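Below, each chain spelled out in residue letters.
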Amino acid sequence: MTAYLIKNVAILGGAPTDLLLEDGVVASIGAGVSADGAEVIDATGLIALPGLVDLHTHLREPGREDAETVESGTQAAALGGFTAVHAMANTEPVADTAGVVEQVWRLGREAGYCDVYPVGAVTVGLAGTQLAELGAMADSAARVRVFSDDGKCVSDAVLMRRALEYVKAFDGVIAQHAQEPRLTEGAQMNEGDLSGRLGLAGWPAVAEEAIIARDCLLAAHVGSRLHVCHVSTAGSVEIVRWAKSKGWNVTAEACPHHLLLTDELAASYNPIYKVNPPLRTAADGEALRAGLADGTIDIVATDHAPHPHEDKDCEWAAAAFGMLGLETALSIVQETMVDPGLLDWAGVADRMSYAPARIGRVSDHGRPIEQGAPANVVLYDPSVRRTVEPSESASLSRNTPYAGMELPGRVVATFLRGTATVLDGKLQ
Ligand SMILES: [Zn+2]
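Since we're looking at a predicted model, the values are computed, not measured. Numbering of residues begins from 1 in every chain and follows the order in which that chain's sequence is written. Where local features are concerned, this predicted model is filtered to residues with pLDDT of at least 70; where side-chain atom pairs are given and counted, the filter is 80 or more; whole-chain, interface and lining totals use all residues. Hydrogens and water are ignored here; the side-chain numbers use all heavy atoms of the structure.

Novice: Help me understand the UniProt feature "binding site: Zn(2+) 1" (unreviewed entry) in the chain in this model?
Specialist: UniProt positions are given in the numbering used here, feature names are shortened, and annotations may be inferred rather than shown by experiment. UniProt annotation of "binding site: Zn(2+) 1" (unreviewed entry) refers to His56, His58, Asp150 and Asp303 when read in the numbering used here. A maximum C-alpha distance of 9.8 Å is found for the annotated residues, which run over 248 residues; spatially they form one tight group. Here a helix means four or more residues in a row that DSSP labels H or I, a strand means two or more in a row labelled E, and each is numbered from the N terminus. Here histidine 56 shows up in strand E6 (residues 52–57). Residues count as neighbours in contact if any of their non-hydrogen atoms are within 4.5 Å of one another. Those residues in contact with histidine 56 that lie beyond four places of it in its chain are His86, Met88, Asp150, Cys229, His230, Glu253, Ala301, Thr302, Asp303 and His304. Polar contacts involving the side chain of histidine 56 include one to the side chain of aspartate 150, which spans 2.8 Å. Here the term buried applies to any residue with accessible area under 20% of the maximum for its type, exposed to any over 50%, and partly exposed to those in between, with areas from a 1.4 Å probe on protein chains only. The class for aspartate 150 is buried, based on a relative accessible area of 3%. Discounting chain neighbours no more than four positions away, the residues touching aspartate 150 are His56, His58, Met88, Asn90, His177, Cys229, His230 and Asp303. N or O atoms within 3.5 Å of each other form a polar contact, as long as, within protein, one can give a hydrogen and the other can take it, and as long as residues adjacent in sequence are counted only when both atoms are side-chain atoms.

Novice: Help me understand the coordination of the zinc ion in this model?
Specialist: By definition of the ideal shapes, a tetrahedral metal site with four donors has angles of 109.5 degrees and an octahedral site with six donors has angles of 90 or 180 degrees. Donor atoms are limited to N, O and S found within 2.8 Å of the metal ion, a distance that becomes 3.2 Å for Na, K and Ca. With water left out, some sites might look partial. Every protein donor of the zinc ion is listed here as Asp150 (OD), His177 (ND1) and His230 (NE2), and their distances to the metal cover 1.9 to 2.2 Å. Along the chain, the residues donating to the zinc ion fall in the pattern D-x26-H-x52-H. Taken as a pair, aspartate 150 in the loop between strand E9 (146–147) and helix H4 (157–166) and histidine 230 in the loop between strand E13 (226–228) and helix H7 (234–245) lie far apart in primary sequence, 80 residues in all. A relative accessible area of 2% places histidine 230 in the buried class.

Novice: Just checking my understanding: could you explain the sheet that holds E9 for this structure?
Specialist: Across a sheet, strands are paired by hydrogen bonds formed along the backbone, either parallel or antiparallel in direction. Taken together, five strands build an open sheet; the order of strands is E9-E10-E13-E14-E15 and the sheet is parallel. With partners counted over all chains shown, the strands left at the sheet margins are E9 and strand E15 (299–300), one partner each. The pairing criterion for strands is at least two bridges between them, as found by DSSP. Sheet topology note: the strand E14 (residues 250–254)/E15 ladder contains two bridges and is parallel. Paired with glutamate 253 across the strands is isoleucine 299, a residue of E15.

Novice: What am I meant to see in the UniProt feature "binding site: substrate" (unreviewed entry) in the chain here?
Specialist: Under the local residue numbering, the UniProt record ascribes the feature "binding site: substrate" (unreviewed entry) to His58, Leu59, Arg60, Asn90, Asn276, His307, Phe321 and Gly322. Looking at the secondary structure, you find histidine 58 in the loop between E6 and helix H1 (70–79). A distance of 3.4 Å separates the side chain of histidine 58 from the side chain of histidine 56, its partner in a polar contact. Sequence-distant contacts of leucine 59, defined by excluding residues within four places in its chain, comprise Glu68, Thr69, Val70, Gly73, Thr74, Val85, Ala87 and Val116.

Novice: Help me understand the sheet that holds E6 in this model?
Specialist: The strand order across the open sheet built from three strands is E6-E7-E8, with neighbouring strands paired in parallel fashion. Looking along the sheet, the strands with just one partner apiece sit at the ends: E6 and strand E8 (115–118). If you compare each strand with its neighbour and ignore which way they point, the axes differ by 20° on average. Pairing of E6 with strand E7 (residues 82–87) involves four bridges; the strand directions are parallel. Counted as the bridge partner of valine 53 is alanine 84 from E7. Packed on one face of the sheet, helix H12 (residues 345–360) meets E6 and E7 and runs near 55° to E6. Working convention: axes come from line fits to C-alpha atoms, limited for helices to the stretch in contact. Angles between N-to-C directions cover 0 to 180 degrees.

This is the structure:
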């Protein structure tokens, strides 16, 4: 196994030092570290971050291998600086049994680009009527701790309560896709003046906020853990802030596209901007960034949602919801949070590595870069700018809303337990 001596690297943006990755761990840190036979990387100007952890990735396998596979999705993850991703359960078949979650987990191990932690479905077939076998998935080789019907909301309050109660036995968490179904029937974009002008059915903020408020109350009532997926409105941030002020065990995520993009892009009628929950107003984006900065929003999660071109290259109302996210997430966090001074690199390590690993109960990832820790490390160059070129993506899909956009930063290398999955910006 190759050892890597990384020279002059700024860990979390701090003073340059040397970092030796050997035998799968961070072997030593400090100026002047030497190691015979190690491959030397000149990291002058580069920042080292702990390997990123995504709590919300759609890998599409099994069932939609035309859109993404575990292999292609984890390649995209490695290129984006991730060493672990949580794979959402809305596959075909749905990941609602020990058999399916073990299959996804095994595919991740075989691909080897980053660790894959399957998310188990909350209800059988995501149908929202009967609890899935949460305990069997938790006890399986995949050791599932995060459960979600993402793509759909667990809208039945009794089922949501039972799920929250059930996962307490094994320290699990319910990750809710907060979308009141009756308030969003046929909804296409954020409800506001613009949806009226464009003639697209509106998706009101209250459809998200009402479910989040209800679920915070339910989680508090049964003393369980709730995680709120893809918070998109200023009102949702306020509700999460209130729940946390009560001391309730509620965590929340924001997605890069909601930090950067706004609903005005829908005026193009280009379905590349169609996503669930929808792009919101500039004021909502500002509230999300403030919430992420002050810790009300715990993490950034990508909601990487690949779709083949036939599901996106059609009229807005017929197009699928979702956009790619893994390869651009860190750049967008730099653009929206670091460069404006809202978050430093230690804050990025927390929101994109430590906190998501903690919420997902993943112990091998999300650890500070210190001697003896697993060598899950990303090297990032914040000084360059690049233009997003969809054809360069490792994803099998091309539905990135950032095509042609100039973004800051570039992932130079990603190490998974000391093995380079990306070097010089290229997959290994
Ligand atoms: Zn969702």
